[in-house]
Amino acid sequence: MVTIIIPTKNRSDFIIRFLKYYTAVKCKYNILIGDSSDSSNLESTKLFIEEIKNKLKIEHVEYPNTNVIACIKSLLGRVKTPYTVLCPDDDIFILNSLEKCMKFLENNPNYVAAQGQAVIFRLNSPGAYGEMVELTPYPLRGIENETAQERLLSFLNSYITTLYAVYRTDTWKLLI
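Residues numbered from 1 in each chain as written. Predicted model: local features only at pLDDT ≥ 70, side-chain atom pairs only at ≥ 80, totals over all residues. Heavy atoms only, no water.

This part covers the pairing of strand β3 (residues 57-62). Note that strand β2 (residues 30-35) and β3 share six bridges and pair parallel. From the neighbouring strand, I33 faces β3, where its bridge partner is H60. Handedness of the β2-helix α2 (residues 39-52)-β3 crossover: right-handed. (Pairing = 2+ DSSP bridges. Helix = DSSP H or I, 4+ residues; strand = E, 2+ residues; numbered from the N terminus. Right-handed = clockwise from strand over helix to strand, strands pointing away.)

Below you can see the structure in the form of structure tokens.
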């Protein structure tokens, strides 16, 4: 139903943390990793994926010397599910939230994306692991004006991110 797309470069520790989480919660969705890493990071990720390959629906695609936009565009061409989530390699989506967003989109065909709430966490050390020392709400807001012009002006008049949302895959393919 949904594909989680993760572009990454030289951050195998974050990808492994991400995959450990989704293995632990028994994620049933497709995970598509676009990896532009150097050989040592690439090898670390490959070794971990080999350990868990029967526990997740995962595809790890190598994109040497590729920028993030080209990587995402190529990954979107591989998506077969009706919904897509673009996930930075240091973020994690809660499965129940993804399911609620997909259900919302199924019941509201005029919407192209749905998002929930977000938080930022800070660890006591650099990198992917450590003790959590801060948890702060990350404000998200929808754009629900009546016309396309009003929606565009609303978007341009105040900073918002549309990154942390479940998108209709066809819409994502048009955007990139």
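Moving on to the packing of helix α1 (residues 12-24) against α2. Look at α1 against α2: their axes get within 9 Å of each other, and the N-to-C directions meet at 15°. Taken together, the axes of α1 and α2 are roughly parallel relative to one another. Handedness of the α1/α2 crossing: right-handed. Each of S12, I15, I16, L19, K20 and T23 in α1 lies in contact with α2, whose residues at this interface are N41, S44, T45, F48, I49 and I52. (Axes fitted to C-alpha atoms, helices over the stretch in contact; angles between N-to-C directions. Parallel < 35°, antiparallel > 145°, perpendicular 65-115°, else oblique. Left-handed = near helix turned anticlockwise from the far one by under 90°. Contact = heavy atoms within 4.5 Å.)

Even without a glycine there, the phi angle at N10 is positive, about 60°. Phi at N65 takes a positive value of approximately 55°, unusual for a residue other than glycine. Since its relative accessible area comes to 82%, N65 is described here as exposed. (Buried < 20%, exposed > 50% of the residue type's maximum accessible area, 1.4 Å probe, protein only.)

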